[in-house]
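# Per-entry structural report
Residues per chain, in single letters:
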Amino acid sequence: MGRYDRYILSQLLVLFSFFSIVLVSVYWVNRAVGLFDRLIADGQNLRVFLEFSALSLPQTILLVLPVSAFVAAIYVTNRMISESELVVMQTAGCSAKRLLRPVWVFGLIAALLIAILAHFLVPAARGQFMERSREVAEDLTGRFLREGEFIHPTDGVTVYIREISELGEFRDIFLQDRSQPDSETTYTAQRALLISSEVGPRLVMFEGVAQTVQLTSGRLSIVEFDDFTYDIGGLISDTGARIMDMREMSTLLLLTAPPAIIEAHGSTVAEFRFEGHDRIARALFVLFVPVIASATLMLGAFSRFGIWPQIILAIFLIVPLQMTWNAAEAIGSRQDGMAFLAYLQPVLAACTAFFMTFMAMRGYRPRRRQAAA
C-alpha cells in the first residue's frame, strides 16, 4: 500500500473505532436500563448485571459495525473534499477507482470483523447468556434477600422480611405457602437463615409458629417450633435439559443439520438455513457499505456550502438495502429453499457500489478534458 492508502486507511480506522464506541455505548445504555431493572427486581447483584451486559455486547457490536463503517467513510470523504485533499489527488491524475482503493481495504477489514463476530463470538456469547439466564431464573436465593417488602419468589409463595442483618440473618420473617391446592400454611418466625445444601437452598426458621388451614374443611392447626427447615429448592421446577437457541449454534450446524435435529429444536429447516447463510451475507454486505458512501460523495465537486446532497443520496441508497434484508428474512426464513435470499442484500450492495464508482469516474472526465482544452 502506498502512502496515500495508509493515510486514508488510518483515518478510516480511527473514526470507525470512535463511532463504534459511541454507538455501542448508546445502544448498550438503552438495553442496560431494562436489563438492570429485570435483574435487580429478581434480587441479583451488580456482578450479575455486569456479566449479562458483557455477554450482550457482541450482538450489539455486530449490529453497530455496519453503521459505524458507513459513518466513518462519510466523515473521512467529506473532510477530504472540504479541505481540498481530494481535489489535489484528482488534479494529480488519480481516478475515483484509485482513490477508493483504501476504502475497499477498510471494507474488507470491517467484513472480517463482522465474520468473526457472526460466526464465533456472538454464538458463543449467546449460548453463555442463555445458560446464565436459566440459572438466574431458577435461583430463588437472591429473590429472598430483600427487606421491608412483600415479595413473590414463585407462584403461591409470599415472603416478608423486616430486616436482614450484616451477617445475613433474617429477623421477623413472614412466609405464606399456597402451593398446595387444598391447604394454606403461614409461617412466622423471629429469626431465619438461608443456607445451601447438596439438594438446594434451605430456609431455617427459629422460634416461630406454623398455621395451616385446610381449605376444604376450614380446619386450622397451629404448631409452635423452636426451629423449622423449609425446602426452598422444592419450589424450583425441573425444566429438563435446555434446548439450544438457533442463534447460539455454529454456522456449519445451521447449514448442514438434518431435519430430525431441526425439528427436535422446535424450528424449521427454512429458519436454520437462512440463519446460517445470513451470517455469511452480513460480512459480504459490510464490505460494500463504505465504498457506497465514499463513491457517492465523490460525485460532487468542491463547494463552500458542503456536499449535503451527496450525503443524503448515500443515506437513501443504504435505506432500501436494509428494507431488502427485511423482506428477504420474512420470505427466506419461512419458505424452504429460499435461503439464497440472504445474499440479495450484499448482491444489491455490490451492484450499487460498482455503479457509484463508475459514475464517480465518469464525473471527472469532462473537467479534465476541459482543462486540457
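Residues numbered from 1 in each chain as written. Predicted model: local features only at pLDDT ≥ 70, side-chain atom pairs only at ≥ 80, totals over all residues. Heavy atoms only, no water.

### Comments concerning helix α9 (residues 269–297)
Side chains that are three or four residues apart share a direction in an α-helix, a result of its 3.6 residues per turn. Compared with an ideal rise of 1.5 Å per residue, which puts 29 residues at 42 Å, α9 spans 42 Å between its outermost C-alpha atoms and is within 8% of the ideal. Of all bends in α9, the biggest is about 25 degrees, found at Arg279. For α9, the tally of buried residues reaches 22 of 29 residues, placing the bulk of the element in the interior. (Helix = DSSP H or I, 4+ residues; strand = E, 2+ residues; numbered from the N terminus. Expected span 1.5 Å × (residues − 1). Bend = angle between axes of the 7 residues up to and from the residue. Buried < 20%, exposed > 50% of the residue type's maximum accessible area, 1.4 Å probe, protein only.)

### Structural notes on helix α2 (residues 46–82)
With 37 residues, α2 extends just 47 Å between its outermost C-alpha atoms, more than 12% less than the 54 Å of an ideal straight helix rising 1.5 Å per residue. The sharpest bend along α2 comes to roughly 35 degrees, located at Val64, with the proline Pro66 sitting one to four residues further on. Positive backbone phi, at 65 degrees, marks Ser84, one or two positions downstream of α2.

### Observations regarding empty space enclosed by the protein
Evaluated as defined, the whole model comprises one cavity of 30 Å³ or more. What lines the largest cavity is Tyr4, Ile8, Leu12, Val76, Thr77, Met80, Leu86, Leu99, Val103, Ser294 and Met298. (1 Å grid on protein atoms, 1.4 Å probe; cavity = no way out; pocket = protein on both sides within 12 Å on 5 of 7 lines; lining within 4 Å. Points joined across faces, edges and corners; volume = space filled by probe spheres on them.)

### Concerning the pattern of salt bridges
Counting across every chain of the model gives twelve salt bridges. Asp5 is the partner of Arg98 in a salt bridge, and the nearest nitrogen-oxygen pair spans 2.8 Å. Residue Arg98 is located in helix α4 (residues 96–99), and its partner Asp5 is located in helix α1 (residues 3–41); the two are separated by 93 residues in the primary sequence. According to the relative accessible area criterion, Asp5 is buried, its value standing at 1%. One salt bridge in this structure joins Glu163 and Arg171, with 3.5 Å as the shortest N-O distance. Given a relative accessible area of 27%, Glu163 falls into the partly exposed group. The class of Arg171 is partly exposed, set by a relative accessible area of 31%. The structure contains a network of salt bridges with shared partners spanning Arg162, Glu163, Glu169, Arg171, Asp172 and Arg191. (Salt bridge = Lys/Arg side-chain N within 4 Å of Asp/Glu carboxyl O.)

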